[in-house]
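Residue-level structural notes
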Amino acid sequence: MEGGHATEPSSTSAPLYAEDSYLKEFDAEVVKAGPRFAVLDRTAFYPESGGQPSDAGLLNVGPRNIRVIKVLRRGRDIYHYIDGDVEVGEVVHGEIDWATRLLNMRRHSGEHLLTGLFERSEAGPKVYSDLKRLEFQPSNLDEGLLHRVEAEFDGAVEANIPIRIYYVSRSEVDAEGDARKMMFLDKIPSDIDRLRMVEIPGYALTFCFGTHVKSTQEIGRLKKLELSEGKKLRKIVYFTLD
Ligand SMILES: [Zn+2]
């Protein structure tokens, strides 16, 4: 597959995490640096966005091991906030804190699956989600529906369905009459034509720039789904994985 650069906000760093979300180590060159930060020509560190937190880890520069504390996108640059200083032109070896990233990918992919399951069971439009909860409004979600979704989730995990990532052009997306797709499209800058689609075939399909596990089995089973009620028919579902 061709690279995902065009689908992301344009960037000085090649987003290796978008090409291969299982990449744990990489080499790169420092293209911009200052007190306690570095911008690299390529990076596997995921910058915080879309409800998915940033990666942490290490930048090894010669014998020095510099900690990467947080990674944020600022304009066209992906800033690595570090506990040491590097210089432009230096070659670094990056190592992602893999245990944390994998957990984030599992929860985030679980968020996709739950979104698909709730939406097709007519829980109402999803208005917010992150790695711990989904919110629907207006919604008539109840405990019965919650238990059905719980069982369907475990069934999908057991079926070990591959999670597909592919690119389509904006004009190929038939957003007519789909309020949620329209909302998503509106948030994507108009100069981005290639959209990154994330599909769990038969369950969920959405635009997403995040990192995902390769199949539903990797998400793992649900430990708990909890329902909470907000104002104006807002229903909040908290989820935790085993
Ligand atoms: Zn995603």
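The sections below set out a description of the structure shown in this document. (Residues numbered from 1 in each chain as written. Predicted model: local features only at pLDDT ≥ 70, side-chain atom pairs only at ≥ 80, totals over all residues. Heavy atoms only, no water.)

Turning to the coordination of the zinc ion, a few remarks are in order. In the first shell of the zinc ion, the protein supplies H108 (NE2), H112 (NE2), C208 (SG) and H212 (NE2), at 2.0 to 2.1 Å from the metal. Seen from the zinc ion, its four donor atoms lie at angles of 97 to 124°, and the figure they make is tetrahedral. One chain supplies every donor to the zinc ion, and in sequence these donors are spaced H-x3-H-x95-C-x3-H. With H108 in helix α2 (residues 98-120) and C208 in the loop between β13 (204-207) and α5 (216-219), the pair connects residues that are 100 residues apart, well separated along the chain. What makes H108 buried here is its relative accessible area of 3%. (Donors = N, O, S within 2.8 Å, 3.2 Å for Na, K, Ca; no water. Tetrahedral: all angles 85-135°; square planar, octahedral: opposite > 155°, others 65-115°. Helix = DSSP H or I, 4+ residues; strand = E, 2+ residues; numbered from the N terminus. Buried < 20%, exposed > 50% of the residue type's maximum accessible area, 1.4 Å probe, protein only.)

Taking 1.5 Å of rise per residue, the 16 residues of helix α3 (residues 143-158) would be expected to cover 22 Å, and the 23 Å separating its terminal C-alpha atoms lies within 8% of that figure. Buried within α3 are the following residues: L145, L146, V149, F153, D154, A156 and V157. Positive backbone phi, at 50°, marks N160, one or two positions downstream of α3. (Expected span 1.5 Å × (residues − 1).)

Applying the stated criterion across every chain, the model contains 13 salt bridges. Measuring nitrogen to oxygen at the nearest pair gives 3.1 Å for the salt bridge that ties K214 to E218. Note on K214: relative accessible area 49%, which makes it partly exposed. With a relative accessible area of 29%, E218 lands in the partly exposed category. (Salt bridge = Lys/Arg side-chain N within 4 Å of Asp/Glu carboxyl O.)

A few words now on the packing of α2 against α3. The geometry of α2 relative to α3 is characterised by a closest axis approach of 10 Å and an angle of 130° between their N-to-C directions. Between α2 and α3, the angle falls in the class oblique. In this structure, α2 crosses over α3, and the sense of that crossing is right-handed. Contacts between α2 and α3 pair G110, L113, L114, L117, F118 and R120 from the former with L146, V149, E152, F153, A156 and V157 from the latter. (Axes fitted to C-alpha atoms, helices over the stretch in contact; angles between N-to-C directions. Parallel < 35°, antiparallel > 145°, perpendicular 65-115°, else oblique. Left-handed = near helix turned anticlockwise from the far one by under 90°. Contact = heavy atoms within 4.5 Å.)

Here we come to the sheet that holds strand β8 (residues 91-96). With antiparallel pairing, six strands are arranged side by side around a closed barrel as β2-β3-β7-β6-β5-β8. Taken pair by pair, the neighbouring strands of this sheet meet at an average axis angle of 45°, ignoring direction. Direction of pairing for strand β5 (residues 57-61) relative to strand β6 (residues 64-74): antiparallel, over a ladder of five bridges. Residue pairing across strands places G57 opposite V68, the latter belonging to β6. (Pairing = 2+ DSSP bridges.)

Among the six residues of strand β7 (residues 77-82), five are classified as buried, and the element is accordingly described as predominantly covered. In terms of strand pairing, strand β3 (residues 37-40) meets β7 through two bridges, oriented antiparallel. What sits directly across from F37, in β7, is Y81. Where β6 and β7 come together, six bridges link them in antiparallel fashion. Across the sheet, the residue bridging to R74 is D77, located in β7. Between β6 and β7, which pair antiparallel in sequence order, lie two residues; one of them, G75, sits at a positive phi of approximately 65°.

On to the packing of aromatic side chains, then. In this structure the tally under the stated criterion is six aromatic pairs. Ring-pair connections join several aromatic residues into one group, and the members of that group are F37, Y79 and Y81. We note R74 situated over the ring of Y79; from NZ or CZ to the ring centre the distance is 4.6 Å. One cation-aromatic arrangement involves K214 over Y22; the distance from NZ or CZ to the ring centre is 4.5 Å. (Phe/Tyr/Trp six-rings, centres within 6.5 Å; stacked < 30°, edge-to-face > 60°. Lys NZ or Arg CZ within 6 Å of the ring centre and 35° of its normal.)

Take α2 next. Compared with the 33 Å implied by 1.5 Å per residue over 23 residues, the 33 Å span of α2 between its first and last C-alpha is a close match. Positive phi appears at E122, one or two residues downstream of α2, with a value of about 60°.

By themselves, these observations are geometric and do not establish any function.
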